[in-house]
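Close look at the chain arrangement
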Amino acid sequence: MARLKGPASPVSSFRLVIAILGMITLPAALTLHTVRVSAIVDPSVRNSSPFGYTVSLLLFIVPILVIGLWLVPQDGVKISKRSFLWTIGILFPLGAMLDFFFAHLFFYFPNSGATLRIRFPALGGGVPVEEYVFYFTGFVAVLLIYIWLDEYWLPAYSVPVDAAERTNFTRLLRFHPQSLFWAVVLIAAAILYRWTYVKTPGFPGYFTFLVLGALLPSAALLPSALPVINWRAFSLTVLIVLLISLLWEATLGVPYGWWGFQGEQMIGIRITAWSGLPIEEVFLWIAVSYTTSIVYEVVRRWQSSGKRARHAFLGAP
């Protein structure tokens, strides 16, 4: 009689996620590399996409409404409101910080007709209000998709809220040296590529921000998140969000000039078939999904334990 295999360990599940991403991205990258001529729409053409960026925010808003107001109540999924709000409260400032401090360095917005023409505060002259809505709804959508998949579609691989794996811990802040190591390696590789193969001066500042935004929280929290993350739900979340974001970027945002990228702040690798989309944008929402899942699950452990924040994160005094 055949034996049923038990659940995979957190480490093997994490490696499986990497393998799934690899088997999809490698052939896709090789195929896209065969394109030598980019088809770019001239964003200066009047009314090329009136209010396009504004309306496109429905790509996040509609899933939020459908999952949050219909599917979650209908399917009986219980969401910890405190954990949800804490997670968004921690992560949204990252997106706001990107816009406020770095938008003038990393991005430009050539097609003002695609927005409401309302500028929100940011260094260097402000950014379209859509930018702040984009990051806020993005984090909310990613988190809701992950929770719905975790609690409803793939509950067999979810760790219950009152399980010992969640509530039994000495402290949640635990150093993960591998995350810091990979942050250094990735940033160093980006700098080396830029200096070696790109003829114009510059520094891969955008990629550096993305790496630090994903791997610094990982360096502090991954050991505590690793046993409780539903890695299957995470994998499907990444694939869904990546599909939405690449559709958004490659067919709409960049070709129609809703936003563009400052070349001197990029690595220098662009995807010609996607209107010269910088390679950084492929990693953006992978990084967002990764960080969101880690922060949410660690916050959930804290909430499940009933401990004070200082006790939960730093250990008993």
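These figures come from a predicted structure and were not determined experimentally.

Scoring rules and cut-offs
- Residues numbered from 1 in each chain as written.
- Predicted model: local features only at pLDDT ≥ 70, side-chain atom pairs only at ≥ 80, totals over all residues.
- Heavy atoms only, no water.
- Helix = DSSP H or I, 4+ residues; strand = E, 2+ residues; numbered from the N terminus.
- Buried < 20%, exposed > 50% of the residue type's maximum accessible area, 1.4 Å probe, protein only.
- Contact = heavy atoms within 4.5 Å.
- Areas by Shrake-Rupley, 256 points an atom, 1.4 Å probe, with all protein chains shown as cover.
- Expected span 1.5 Å × (residues − 1).
- Axes fitted to C-alpha atoms, helices over the stretch in contact; angles between N-to-C directions.
- Parallel < 35°, antiparallel > 145°, perpendicular 65-115°, else oblique.
- Left-handed = near helix turned anticlockwise from the far one by under 90°.
- Nonpolar A, V, L, I, M, F, W, Y, C, P; charged D, E, K, R; others polar.
- 1 Å grid on protein atoms, 1.4 Å probe; cavity = no way out; pocket = protein on both sides within 12 Å on 5 of 7 lines; lining within 4 Å.
- Points joined across faces, edges and corners; volume = space filled by probe spheres on them.
- Core = buried A, V, L, I, M, F, W, Y, C linked by side-chain atoms within 4.5 Å.
- Salt bridge = Lys/Arg side-chain N within 4 Å of Asp/Glu carboxyl O.
- Lys, Arg positive; Asp, Glu negative; His and termini not counted.
- Polar contact = N/O pair within 3.5 Å; in protein donor to acceptor, adjacent residues only side chain to side chain.

**Some points on the overall build of the protein**
In terms of regular secondary structure, the protein is built from 11 helices and 6 strands. Buried residues in the protein amount to 47% of all 317 residues. Contacts in the protein between residues at least 24 apart in sequence constitute 81% of all its contacts with a sequence separation of at least 6. When the accessible surface of the protein is totalled, it reaches about 16,400 Å², and 70% of it is carbon and sulfur.

**Observations regarding helix α10 (residues 280-305)**
Taking 1.5 Å of rise per residue, the 26 residues of α10 would be expected to cover 38 Å, and the 37 Å separating its terminal C-alpha atoms lies within 8% of that figure. Burial analysis of α10 places 22 of its 26 residues in the buried class, which makes it a mostly covered element. Where α10 ends, the next residue or the one after it, Gly306, has phi of about 75 degrees, a positive value.

**Brief notes about helix α5 (residues 129-153)**
In an α-helix there are 3.6 residues to a turn, and that puts residues three or four apart on one side. Under the 1.5 Å per step criterion, the end-to-end length of α5 is 35 Å for 25 residues, consistent within 8% with the ideal 36 Å. Counting buried positions along α5 gives 20 out of 25 residues, so the element sits mostly inside the fold.

**Brief notes about the packing of helix α8 (residues 205-225) against α10**
Close contact between α8 and α10 brings their axes to 9 Å; oriented N to C, the two are set at 25 degrees. With respect to each other, α8 and α10 are oriented roughly parallel. For the element pair α8 and α10, the recorded crossing hand is left-handed. In this structure, α8 contributes Tyr206, Phe207, Leu210, Gly213, Ala214, Leu215, Pro217, Ser218, Leu221, Leu222, Ser224 and Ala225 to the contact, and α10 contributes Glu280, Glu281, Phe283, Leu284, Ala287, Tyr290, Thr291, Ile294, Val295, Val298 and Arg301. Of the residues belonging to the contact of α8 with α10, the class tally is 16 nonpolar, 4 polar and 3 charged.

**Structural notes on empty space enclosed by the protein**
In this structure the tally under the stated criterion is 2 cavities of 30 Å³ or more. If you add up the space inside the largest cavity, you get close to 170 Å³. Along the walls of the largest cavity sit 14 residues, with Leu94, Phe139, Phe209, Leu210 and Val288 positioned nearest its centre. Mapped by element, the contributors of at least two residues to the lining of the largest cavity are α4 (81-106), α5, α8 and α10. If you add up the space inside the second largest cavity, you get close to 80 Å³. Contributing elements (two or more residues each) for the lining of the second largest cavity: α5 and α10. Here the lining of the second largest cavity gets 3 residues from one element, more than from any other, and that element is α5. Its residues placed into classes, the lining of the second largest cavity shows 9 nonpolar, no polar and 3 charged.

**As for the nonpolar core**
Within the largest apolar cluster, 85 residues are counted, with the highest numbers of intra-cluster contacts made by Phe107 and Tyr206. Put simply, the parts of the chain that give this core at least two residues each are α3 (58-74), α4, α5, α7 (177-197), α8, α9 (231-253), α10 and α11 (309-314). Considering every element that reaches this core, the biggest residue donor is α5, with 14 residues. Contacts of Tyr206, omitting those with residues within four sequence positions, involve Leu98, Phe106, Phe107, Phe261, Gln265, Met266, Glu280, Glu281 and Leu284.

**Notes on the pattern of salt bridges**
The full count for this structure, using the stated rule, is 4 salt bridges. When the shortest N-O distance is used, the salt bridge between Arg300 and Asp150 registers 3.6 Å. Note that Arg300 is positioned in helix α10 and Asp150 in helix α5, a separation of 150 residues in sequence. Accessibility expressed as a relative area gives 5% for Arg300, which makes it buried. Several salt bridges share partner residues, and in doing so they unite Asp150, Glu151, Arg166, Glu297 and Arg300 into one network.

**Points about the side chain of Arg194**
Of note, Arg194 is situated in helix α7. Despite being buried, Arg194 has no salt bridge partner; Glu264 is the closest side chain of opposite charge, sitting 6.4 Å away. Within the local environment of Arg194, its side chain forms a polar contact with the backbone oxygen of Pro201, the two atoms lying 3.1 Å apart. Not counting residues within four places of it along the chain, the set of residues in contact with Arg194 comprises Thr200, Pro201, Gly202, Phe203, Pro204, Gly263, Glu264, Met266 and Ile267.

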